[in-house]
Amino acid sequence: MVENLKPGIIAIDGPVAVGKSSVGSMLARRLGYVFFDTGMIYRAFTWKVIESGIPPTDEEEICRLVDATRFEFVAVQGWRLSPIIDGEDVSSGLLCPRVEELVPVTSKIAGVRRALVSQQRRFAGRGKVVMAGRDIGTVVLPRAELKIFLAASTEERTKRRHSELVERGENTDLETVMTELKKRDEMDMNRTISPLKPADDAVIVNTEGLSLEQVVDKIFALAADR
Ligand code: DC
């Protein structure tokens, strides 16, 4: 726990499998902050869309659903936040292939982003939060005191995501993982609303060849410096 540390909010953005979640979680724990992985809220709402049976092409109905959904966030293990949707903990289904496939579709709908960004800001208002995503430094919290953009090559990120999937018991190969990862990067970077890009005042941290601890140390030092 660090007392009187200046940045009340630390934004961490970056592409798929660059380590936002592992880094953000470890950093938050070290600082005594909470960690909010905003990808989880897009995933949780996508799960809700699937459950409700609304066709992914029906943007109007999806926007009605987002406005009618109640979002809460509970801290698990003390520092990691998990989304609760209409009173239900949906965290176990958020990494399933159906959610994975549909989340880029729901997350590019303007009405969905508006509603979910407002939820993220509402939460960040309490301070002492490390928030990770794609557009935290650019759109969600442009006034965050410290903005980090994590970077690593496609090859490195492919290796990391592949190991994660194998650890989870999934049967996949490097080539498939790389194709999927490039597809997601492409969608995240080229969407019209809130595309993935570093904020002008973000510090770019290249994680290539660094251990998780080394990356966290770097950001910790930047935070202590503010
Ligand atoms: O970080 P992730 O893979 O769990 O994110 C899932 C999807 O949610 C990703 O394809 C893009 C979207 N997302 C977003 O648009 N904005 C964010 N701040 C976080 C995630």
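Presented here is a report on the structure given in the accompanying data block. Just so we're clear, the structure is a prediction, and the values are computed from it rather than from any experiment. (Residues numbered from 1 in each chain as written. Predicted model: local features only at pLDDT ≥ 70, side-chain atom pairs only at ≥ 80, totals over all residues. Heavy atoms only, no water.)

1. As for the overall build of the protein
Put simply, the rule reads: Only DSSP runs of H or I reaching four residues or more are called helices, and only runs of E reaching two or more are called strands; each is numbered from the N terminus. Computation of the radius of gyration draws on C-alpha atoms alone. For the globule rule, the value is 2.2 Å times the number of residues to the power 0.38. Contacts were defined at the residue level, with two residues in contact if any of their heavy atoms lie within 4.5 Å. Areas reported here follow the Shrake-Rupley algorithm with a probe of radius 1.4 Å; residue values treat only the protein chains shown as occluding. Positive charges come from Lys and Arg, negative ones from Asp and Glu, while His and the chain ends are left out of the count. Where a charge lies is defined by one atom per residue type: Lys uses NZ, Arg uses CZ, Asp uses CG and Glu uses CD.
The helix and strand tally for the protein stands at 9 helices and 8 strands. In terms of C-alpha radius of gyration, the protein reaches 17 Å, essentially the compact-globule figure of 17 Å for 226 residues. Counting only C-alpha atoms and orienting by the principal axes, one finds that the protein spans roughly 50 × 40 × 35 Å. Restricting the contact set of the protein to residue pairs at least 6 apart, pairs at least 24 apart contribute 73%. Within the structure as shown, the protein displays about 11,200 Å² of accessible surface, and the carbon and sulfur contribution to it stands at 50%. For the protein, the separation between the mean place of its 32 positive charges and that of its 34 negative charges on side chains is 4 Å.

2. A look at the nonpolar core
Definition in use: Here, nonpolar core refers to any group of buried Ala, Val, Leu, Ile, Met, Phe, Trp, Tyr and Cys residues whose side-chain atoms link them within 4.5 Å. Working definition: with a 1.4 Å probe on protein chains only, accessible area under 20% of the residue-type maximum means buried, over 50% means exposed, and in between means partly exposed.
Within the largest apolar cluster, 36 residues are counted, with the highest numbers of intra-cluster contacts made by Phe 36, Phe 45, Phe 71, Leu 116 and Leu 141. In terms of nonpolar packing, the next biggest core, distinct from the first, is built from 22 residues, Ile 10, Ala 132, Val 205 and Val 216 among them.

3. What to know about the pairing of strand E2 (residues 34–37)
Spelled out, the test is: When DSSP finds two or more bridges between two strands, those strands count as paired.
Alternating residues of E2 divide into Val 34 and Phe 36 and Phe 35 and Asp 37, and every residue in both groups is buried. Bridge count for E2 against strand E6 (residues 129–133) is 4 bridges, and the pairing is parallel. Bridge pairing in E6 places Phe 36 opposite Met 131.

4. Regarding the pairing of E6
Counting buried positions over the 5 residues of E6 gives 5, a clear majority of the element. Every second residue of E6 is oriented toward a common face, with Val 129, Met 131 and Gly 133 on one face and Val 130 and Ala 132 on the other, all of them buried.

5. A word on the packing of helix H1 (residues 20–31) against helix H9 (residues 212–225)
To describe two helices that pack against each other, one gives the angle between their axes and the distance between the axes. Here is the rule we go by: The axes are straight lines fitted to the C-alpha atoms, using for helices just the contacting stretch, and the angles between their N-to-C directions are given from 0 to 180°. Should an angle lie under 35 degrees it is considered roughly parallel, over 145 roughly antiparallel, and from 65 to 115 roughly perpendicular; all remaining angles are considered oblique. Crossing handedness: left-handed means the near helix sits turned counterclockwise from the far one by under a right angle, and right-handed means the same turn made clockwise. In this count, Pro and Cys sit with the nonpolar residues alongside Ala, Val, Leu, Ile, Met, Phe, Trp and Tyr, while Asp, Glu, Lys and Arg are called charged and the others, Gly among them, polar.
H9 packs onto H1 with a crossing angle of 55° between their chain directions and a minimal axis gap of 9 Å. Classed by the angle they form, the pair H1 and H9 counts as oblique. Between H1 and H9 lies a crossing of right-handed hand. Listed contacts from H9 to Ser 22, Val 23, Met 26, Leu 27, Arg 30 and Leu 31 of H1 are Leu 212, Glu 213, Val 215, Val 216, Asp 217, Ile 219 and Phe 220. Class assignment for the residues of the contact of H1 with H9 results in 9 nonpolar, 1 polar and 3 charged.

6. Observations regarding helix H7 (residues 154–167)
Note the following rule: The length a helix should cover is 1.5 Å for every residue beyond the first.
Compared with the 20 Å implied by 1.5 Å per residue over 14 residues, the 20 Å span of H7 between its first and last C-alpha is a close match. Restricting attention to buried positions, one finds in H7 the residues Glu 156, Arg 157, Thr 158, Arg 161, His 162 and Leu 165. Along its buried surface, H7 packs onto helix H4 (97–106) and helix H8 (174–190). Just downstream of H7, Gly 169 is the residue with a positive phi angle, here 90°.

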